[in-house]
Structure formats: structure tokens, C-alpha cells
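# Structural overview for review
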Amino acid sequence: MANDRLTVAVLGPGGVGGLLAALLARAGHRVICLAGDETARALAADGIRVRSEHFGDFTARVEADTELREPVDACLIAVKATVLDAALERVPAKALGDGGLVVPFLNGVEHPAVLRERYRPEQVAPAVIRVESTRLAPGVIEHGSPFAEVDLTGDTVPRDRLDALAGALEWAGVRVQVKDDEAATLWAKMSFLAPFALLTTRYGVPLGDVRTLHREELVALVEETAAVSRAGGAPVDPAAALARYDAFPPATKSSMQRDAETGRTLELDAIGGALLRAAERFGVPVPVASGLVRELAGTADN
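What this report covers is the structure whose coordinates are included nearby.

### A word on the sheet that holds strand S11 (residues 149-152)
Sheet strands associate in pairs through backbone hydrogen bonding, adopting either a parallel or an antiparallel arrangement. An order of S8-S11-S12 is seen for the 3 strands of this open sheet, with the pairing classed as mixed. If you trace the sheet from one side to the other, it starts and ends with strand S8 (127-130) and strand S12 (175-178), each paired once. Here the average twist between neighbouring strands, direction ignored, is 15 degrees. When S11 meets S12, the two strands line up parallel, connected through 4 bridges. Looking at the pairing, aspartate 151 lines up with glutamine 177 of S12.

So this is what it looks like as C-alpha cells:
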């Protein structure tokens with residue numbers, strides 16, 4: 001893939017957004033980070049510092065603002081689902097223009113429809129990322145996984161525009177696949193994420209303990225999620241999902257678990273709620289998922 005120079009905005013330069021912003025900037029692309037006043041000032045002054053055994057330790061210079069004020073080739077959306085509506089005020093459709101892609105790296109399966117109500121359908125290119133990356137402070141990112149992998153998709157997006165962004169990310173060091181089936185791509189992520197997030201958060205333990213101490217519940221939840229995905233026309237192999245869990249480092253934590261540990265609002269509705277709504281829509285019983293979501297919702301309310 002080519003590495004044509006792009007102008008990329010990043011809404012939410014946290015663990016995921018900050019890492020991608022720094023990698024793209026290091027590869028020679030113009031990057032504009034969109035955040036609140038304090039974070040924008042810090043990034044404009046000091047850039048983004050990345051600590052990573054995989055990518056090396058480096059600092060990348062970026063631009064920063066509180067709002068998008070000019071057209072870009074792509075705007076990566078890397079905020080939590082819990083703050084999506086408010087965060088999108090920083091990306092006015094008029095400023096984005098007709099040619100810029102909107103690329104959400106959000107958890108769940110319902111956000112593309114929300115974004116297509118706000119922006120042109122042919123601009124919305126959902127993406128899935130597999131990475132462990134954490135913001136330690138504004139502009140300070142710790143990348144902990146030995147990989148960063150992205151699946152880029154978009155049933156309504158011209159393929160050449162997907163390929164251009166994929167090429168930029170590839171040259172920046174991210175492994176990228178452009179996928180043809182948007183629903184299958186999003187549900188493949190959901191089939192992995194939902195059991196991982198719900199169980200690590202419910203028991204407060206990393207993935208290694210979930211796959212040993214709570215193996216039976218993990219298997220049941222993977223099978224439920226796969227059944228919902230199949231009912232929606234996106235086949236998922238439960239055995240493949242379990243194999244991926246077994247391949248991850250045992251200390252891996254989900255982002256929902258990290259949010260719970262720090263008292264932040266959980267993405268429970270975007271992940272667990274979306275799974276239950278899809279299950280009800282397709283008539284698929286999900287007793288394990290329902291119980292976990294109910295327990296976590298009760299914990300969050302207390």
C-alpha cells in the first residue's frame with residue numbers, strides 16, 4: 001500500500017487515539033489532535049510521548065485544537081462510547097467537508113448508525129483495533145501489547161479511500177486489513193470483546209485468571225455471543241475466539257476493567273447492552289450475558 005501524506009484529525013488522543021496519532025505523525029503525516037483545553041495545550045507544547053517495547057520510545061510533534069476547523073482526509077474517533085455525543089461537537093460536519101472519512105474506533109456495534117445520522121453515510125468507515133495502550137497523562141502513552149492491529153471496513157465507503165488510510169497506518173507500523181463485510185467485522189470484535197470485558201470487570205481479574213478460574217462461564221458467554229452474531233448474519237467461530245483468549249498475555253486487562261478500577265463510567269450499555277438488545281431482536285437466549293450485565297449495572301449504581 002502507498003504512503004501518501006495525509007492530514008488526519010484524532011478525536012480523543014488517549015490510549016488508542018494518542019498512539020495512532022503519534023505513529024502517524026512519526027511517519028510524516030500531518031496530525032491534528034482534538035481535545036479539551038488542557039490536553040490540547042499539553043500536546044501542542046510537548047507533542048505525544050510513547051513508551052513501547054514494540055514501537056520504541058519516541059516523541060512525535062502534533063498540532064492540537066479544541067475543535068476541527070478545516071477539512072481533513074480522515075478523522076479518527078477514539079473516545080469512549082459514553083462521551084461520544086458530546087465529543088462529536090468538536091467535529092462539525094461542515095468543517096469536516098464532504099471528502100473526509102469518519103473512522104470510529106469505538107466498542108460495540110451500534111455507533112456506525114449514530115454517526116451516519118450526523119455525517120454523510122459514505123464518509124463513515126468503522127474500524128476495529130486490537131491493542132493494549134493506556135494514557136498515563138496528557139500526551140503520555142504507554143503501549144503494552146506486542147502488536148497493534150486494525151480492521152478497517154465500511155459498506156458505504158469507496159474502497160480507494162479505505163486503502164489510502166490503510167496504507168498510511170501500515171507505513172506507520174500498524175498491521176491493517178481492509179474488510180468487505182462491516183457487520184461481520186464489528187461482530188467479530190464484539191464476540192471477543194463482550195466476554196473479555198464483562199468477565200474481567202465482573203471478577204476484577206486479568207484475562208489469565210478469567211480463562212482458568214472462570215473458564216466454564218467464559219465458554220458459555222462466547223457461545224452466546226457467537227449465536228447472536230450468527231443470527232445477525234455475521235458468523236463467528238467460538239473456538240477461534242477462545243483460541244485468541246488463550247494466546248493473549250495472562251496479565252491483559254480490558255478497558256472496561258480499567259475504567260472500573262479508576263471509577264470511570266463503564267461502557268456497559270455500548271457492549272453488554274448492545275449485545276442484549278441484539279439478542280432480543282433476533283430471539284436468541286443469552287442467560288449468562290444477561291446475568292453479568294445485570295450484576296455490573298447493579299455495581300455501577302452503588
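### Points about the nonpolar core
Judged by nonpolar contacts, the single largest core of 42 residues is most densely connected at Ile48, Leu76 and Val103. In contact with valine 103, not counting residues within four places along its chain, are Ala74, Cys75, Leu76, Ile77, Ala125, Ala127, Leu152 and Leu165. One finds Val210, Leu242, Leu275 and Val293 within the second-largest nonpolar core, a separate group that totals 39 residues.

### Section: the layout of surface pockets
Approximately 1,400 Å³ is the volume found for the largest pocket. Lining the largest pocket are 49 residues, with Gly15, Val16, Ala78, Lys80 and Ser255 sitting closest to its centre. Among the elements of the structure, helix H1 (15-26), S8, strand S9 (133-137), helix H7 (182-203) and helix H11 (255-262) are those that each provide at least two residues to the lining of the largest pocket.

### Topic: the sheet that holds S9
Read from one edge of the open sheet, 4 strands run S4-S3-S10-S9, paired in mixed fashion. Where the open sheet ends on each side, the last strands, each with one partner, are strand S4 (58-60) and S9. Geometrically, the sheet is characterised by an average inter-axis angle of 25 degrees between neighbouring strands, direction not taken into account. The pairing of S9 with strand S10 (residues 140-143) spans 4 bridges and is classified as antiparallel. Of the residues in S10, the one forming a bridge with arginine 135 is isoleucine 141. Across the sheet, H1 touches strand S3 (48-52), S4, S9 and S10, and the angle it forms with S4 is around 85 degrees.

Definitions and limits used
Residues numbered from 1 in each chain as written. Predicted model: local features only at pLDDT ≥ 70, side-chain atom pairs only at ≥ 80, totals over all residues. Heavy atoms only, no water. Pairing = 2+ DSSP bridges. Helix = DSSP H or I, 4+ residues; strand = E, 2+ residues; numbered from the N terminus. Axes fitted to C-alpha atoms, helices over the stretch in contact; angles between N-to-C directions. Core = buried A, V, L, I, M, F, W, Y, C linked by side-chain atoms within 4.5 Å. Buried < 20%, exposed > 50% of the residue type's maximum accessible area, 1.4 Å probe, protein only. Contact = heavy atoms within 4.5 Å. 1 Å grid on protein atoms, 1.4 Å probe; cavity = no way out; pocket = protein on both sides within 12 Å on 5 of 7 lines; lining within 4 Å. Points joined across faces, edges and corners; volume = space filled by probe spheres on them.

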